[in-house]
Amino acid sequence: VLSNLITALAVGILATMNAGRTARERARAELTREITDAARRQLAEAGADGLSLRAVARELGMVSSALYRYFPSRDDLLTALIIDTYDALGEVVEQAAAAHDPAAALDRWLAVCHAAHAWAVDHVQEYALVYGSPVPGYRAPTDTTAAAARVPNALLAIVREAKAAGVLEPPRASITLPSSLNSNLSAIREEAALEVADDVVARLVTAWTLLVGSISFELFGHLHNVIGDYEAWFDHEMRSVADDVGLRSRT
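The structure displayed is predicted, hence computed values, not measured ones.

A. The arrangement of the nonpolar core in detail. Within the largest apolar cluster, 68 residues are counted, with the highest numbers of intra-cluster contacts made by Trp-109 and Leu-247. For this core, the element with the most residues is helix α5 (residues 105–122), which contributes 11 residues. When residues no more than four places from it in sequence are discounted, the contact partners of Leu-247 are Ala-105, Leu-106, Trp-109, Ile-158, Val-159, Ala-162, Leu-168 and Ala-242.

Below, the structure written as structure tokens:
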């Protein structure tokens, strides 16, 4: 009986300790979220250059030294915001891709592109943080790589699965690529498990850069007084690059 009592007491103590740690973890996660939310508001008002840990702490009623326990420097806070932004955009495009059958490759491609465009229009400052001008003095760590790859990986997956479904069309014309690019294109193909030629991989990289560039041109005013219907123009561009990659309407 005594042995059972001691065991029960030990289990109870451990459970209490675990519950305390979980509560502390929850509190830390909540305060971390409040800090990043405040940083996003500051980002919208002052831009990435104006992001200040002291200003964030002041908004939250914290002393700076307390905030430094969560983010030791401005760059650490920037990195967290960058990863959150890439992940938010990545989640949107992955959901858009998942809503379509792999055999409906063109529809899937357009859904992903339009989802990225719509998210960017609704989150201009966050989009600018990751695809706008570099923040002076900031060097992104490798921690951001996986999150940054979610959008291009979604595009690569569409082509890979279209190939597997037998709906990827060959390019309308072959292109000759500089031999200096062979290793880069081969690395992309192997990493993405793409069974396509180098020129298709090159077209995919072009498509990704055009997706980002087209959105950026619109959001940062480069199409002002050039294109009136941004949505129609964007759709035209994304259909054009899809055709170039080999994703074409089968009707």
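On we go.
B. Quick peek at the packing of aromatic side chains. Counting across every chain of the model gives 3 aromatic pairs. With centroids separated by 4.9 Å and ring planes inclined at 45°, the aromatic side chains of Tyr-127 and Tyr-131 adopt a geometry described as tilted. One end of the pair is Tyr-127 and the other is Tyr-131, both in helix α6 (residues 124–131) and 4 residues apart, which spans about a single turn. Using a relative accessible area of 2% as the deciding quantity, one classes Tyr-127 as buried. By relative accessible area, which is 18% here, Tyr-131 ends up buried. Ring centres 6.3 Å apart and planes at 50° place the aromatic pair Tyr-127 and Phe-220 in the tilted group. Here Phe-220 lies in the loop between α10 (198–219) and α11 (230–245) and Tyr-127 lies in helix α6, a separation of 93 residues in the sequence. With a relative accessible area of 34%, Phe-220 lands in the partly exposed category.

C. Layout of unusual backbone geometry. At Ala-193, a residue that is not glycine, the phi angle is positive and equals roughly 55°. Along the polypeptide, Ala-193 turns up in the loop between α9 (182–192) and α10. Positioned with a positive phi, Asn-225 is a non-glycine residue whose angle comes to about 65°. Turning to its location among the elements, Asn-225 is positioned in the loop between α10 and α11.

D. View of helix α2 (residues 53–60). Three or more residues of α2 are buried, namely Leu-53, Ala-55, Val-56 and Ala-57. The opening residue of α2 is Ser-52, an N-cap whose side-chain oxygen sits 3.3 Å from the backbone nitrogen of Arg-54. Directly after α2, the chain includes Gly-61, whose backbone phi takes a positive value near 70°.

E. Spotlight on the pattern of salt bridges. Scanning the model with the defined rule gives 17 salt bridges in all. In this structure, Glu-161 and Arg-108 form a salt bridge, with 2.6 Å as the shortest nitrogen-oxygen distance. With Glu-161 in helix α8 (residues 150–164) and Arg-108 in helix α5, this pair connects stretches of sequence that are 53 residues apart. A relative accessible area of 9% places Arg-108 in the buried class. One salt bridge in this structure joins Asp-243 and Arg-172, with 2.7 Å as the shortest N-O distance. Pair noted here: Asp-243 is in helix α11 and Arg-172 is in the loop between α8 and α9, with a separation of 71 residues, a long-range link. For Arg-172, a relative accessible area of 62% translates into the label exposed. Three or more residues are tied together by salt bridges with common partners; here these are Glu-30, Arg-33, Asp-37, Arg-40, Asp-84 and Glu-126.

Definitions and limits used
- Residues numbered from 1 in each chain as written.
- Predicted model: local features only at pLDDT ≥ 70, side-chain atom pairs only at ≥ 80, totals over all residues.
- Heavy atoms only, no water.
- Core = buried A, V, L, I, M, F, W, Y, C linked by side-chain atoms within 4.5 Å.
- Buried < 20%, exposed > 50% of the residue type's maximum accessible area, 1.4 Å probe, protein only.
- Helix = DSSP H or I, 4+ residues; strand = E, 2+ residues; numbered from the N terminus.
- Contact = heavy atoms within 4.5 Å.
- Phe/Tyr/Trp six-rings, centres within 6.5 Å; stacked < 30°, edge-to-face > 60°.
- Polar contact = N/O pair within 3.5 Å; in protein donor to acceptor, adjacent residues only side chain to side chain.
- Salt bridge = Lys/Arg side-chain N within 4 Å of Asp/Glu carboxyl O.

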